[in-house]
Amino acid sequence: MKLNKIKLILGISALTIAIPSFVLFTYYTLLDWYFLDNVTQEIMKNKHEISERKMNYLLSRELSHRINVTATGTWTLMTAIIGLQAVSLITTNDDKS
């Protein structure tokens with residue numbers, strides 16, 4: 001009985017951290033993905049008309065957004081896994097009856 005209470009407390013604690021973190025990281029992942037898409041569209045639309053200097057700048061911005069999408073996407077995935085583990089801790093039934 002005491003082990004179930006500890007699992008419940010740990011599960012609720014982890015879930016209260018995981019849900020807001022998941023929402024926050026998902027927001028920033030989608031925001032960076034939007035910026036990445038905008039930069040990529042600008043590169044593809046104007047690739048023959050812009051100077052080499054401007055192209056290098058746009059390519060560096062694209063790479064920066066790709067890295068940000070990867071990093072925040074990883075954090076989103078990790079918080080989702082923590083949230084699933086928290087739910088499994090809360091719903092586990094270890095009664096030996």
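Rules of the game
- Residues numbered from 1 in each chain as written.
- Predicted model: local features only at pLDDT ≥ 70, side-chain atom pairs only at ≥ 80, totals over all residues.
- Heavy atoms only, no water.
- UniProt positions renumbered as here; feature names shortened; annotations may be inferred.
- Helix = DSSP H or I, 4+ residues; strand = E, 2+ residues; numbered from the N terminus.
- Phe/Tyr/Trp six-rings, centres within 6.5 Å; stacked < 30°, edge-to-face > 60°.
- Buried < 20%, exposed > 50% of the residue type's maximum accessible area, 1.4 Å probe, protein only.
- Salt bridge = Lys/Arg side-chain N within 4 Å of Asp/Glu carboxyl O.
- Contact = heavy atoms within 4.5 Å.
- Polar contact = N/O pair within 3.5 Å; in protein donor to acceptor, adjacent residues only side chain to side chain.

Draft legend 1. A look at the UniProt feature "transmembrane region" (unreviewed entry) in the protein. Following the UniProt record, one finds the feature "transmembrane region" (unreviewed entry) at residues 7-28 and 67-90. For the annotated span residues 7-28, helix accounts for 100% and strand for 0% of the residues, and the straight-line distance between the end C-alpha atoms is 31 Å. Between the end C-alpha atoms of residues 67-90 the distance is 35 Å, and the span holds 100% helix and 0% strand.

Draft legend 2. How the structure looks around the packing of aromatic side chains. Overall, the coordinates contain three aromatic pairs when judged by the stated rule. For the ring pair Tyr 27 and Tyr 28, a centre distance of 5.1 Å and an interplane angle of 75° mean the geometry is edge-to-face. Measuring from centroid to centroid gives 5.8 Å for Tyr 34 and Phe 35, while their planes differ by 55°, and the two rings are tilted. Residue Phe 35 is classed as partly exposed on the basis of its relative accessible area of 34%.

Draft legend 3. Representation of the pattern of salt bridges within the structure. This model, assessed by the stated rule, comprises one salt bridge. The closest approach of N and O atoms between Arg 66 and Glu 62, which form a salt bridge, is 3.0 Å. Taken together, the residues span about one helical turn, with Arg 66 and Glu 62 both in helix α2 (residues 52-91) at a distance of four residues. On the accessibility criterion, Arg 66 (42% relative accessible area) is partly exposed. On the accessibility criterion, Glu 62 (12% relative accessible area) is buried.

Draft legend 4. Highlighting the environment of Thr 72. Mapped onto the secondary structure, Thr 72 falls in helix α2. For the pair Thr 72 and Phe 25, spaced 47 residues apart in the sequence, the C-alpha separation amounts to 5.9 Å. Every residue in contact with Thr 72, bar those within four places of it in the chain, is listed here: Phe 25, Tyr 28 and Thr 29. Polar contacts involving the side chain of Thr 72 include one to the main-chain carbonyl oxygen of Asn 68, which spans 2.8 Å.

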